[in-house]
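# Inside the fold
Listed here are the chains, written in short residue letters.
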Amino acid sequence: MACRLLWASRVASHLRISVAQRGFSSVVLKDLKYADSHEWVKIDGNKATFGITDHAQDHLGDVVYVELPDVGHSLSQGKSFGAVESVKATSDINSPVSGTVVEVNEELTESPGLVNSSPYEQGWIIKVELSDAGEAEKLMDSDKYSKFCEEEDAKH
């Protein structure tokens, strides 16, 4: 068993993902920032891509609808800009950083399940032009987010 965990940790390191050793099994990418409301953000200069985390989609279940904002919509950090509806529940999507929407993932209109099958790649939700790149420093890195999820799951 220990040999398998060591192998899994080495593979995860090579693939740039975090693997927690105790019960938490969601994928957490190392090069992203995370909000405590389970959105991820990838910063690229003055632009950012948002989505919901693997942990969030796992708890929601099969996503059947994603409410997308309009291009040009102004976002504030921590405020809702859309929603994800699943077979279990509807959940607001909050903006991890402030900015203006420059692109929405139109594929989610026809294939909302991409949020489940590929939350960090094909299931991204919006792209924004940042109004304050420093806000990203308030977000969690992959290690803190993994620990946050473990603690949250332990409460339930």
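Residues numbered from 1 in each chain as written. Predicted model: local features only at pLDDT ≥ 70, side-chain atom pairs only at ≥ 80, totals over all residues. Heavy atoms only, no water.

### With respect to the pattern of salt bridges
Summed over the entire model, instances satisfying the criterion amount to two salt bridges. Here K42 and D31 are joined by a salt bridge, their closest N and O atoms 3.8 Å apart. With a gap of 11 residues between them, K42 in strand 4 (residues 39–44) and D31 in the loop between strand 2 (28–29) and strand 3 (33–34) connect regions that are remote in the sequence. Residue D31 is classed as partly exposed on the basis of its relative accessible area of 35%. Residues K147 and E151 are paired through a salt bridge, measuring 3.2 Å at the closest nitrogen-oxygen approach. One end of the pair is K147 and the other is E151, both in helix 5 (residues 142–155) and four residues apart, which spans about a single turn. Accessibility expressed as a relative area gives 51% for K147, which makes it exposed. (Salt bridge = Lys/Arg side-chain N within 4 Å of Asp/Glu carboxyl O. Helix = DSSP H or I, 4+ residues; strand = E, 2+ residues; numbered from the N terminus. Buried < 20%, exposed > 50% of the residue type's maximum accessible area, 1.4 Å probe, protein only.)

### Concerning the sheet that holds strand 3
Overall, antiparallel pairing links the six strands, which are arranged 3-4-5-11-10-7 in an open sheet. Each end of this open sheet is capped by a strand with a single partner; those strands are strand 3 and strand 7 (74–75). Where strand 7 meets strand 10 (residues 99–104), two bridges bridge the pair, whose relative direction is antiparallel. Bridge pairing links L75 to G99 in strand 10. (Pairing = 2+ DSSP bridges.)

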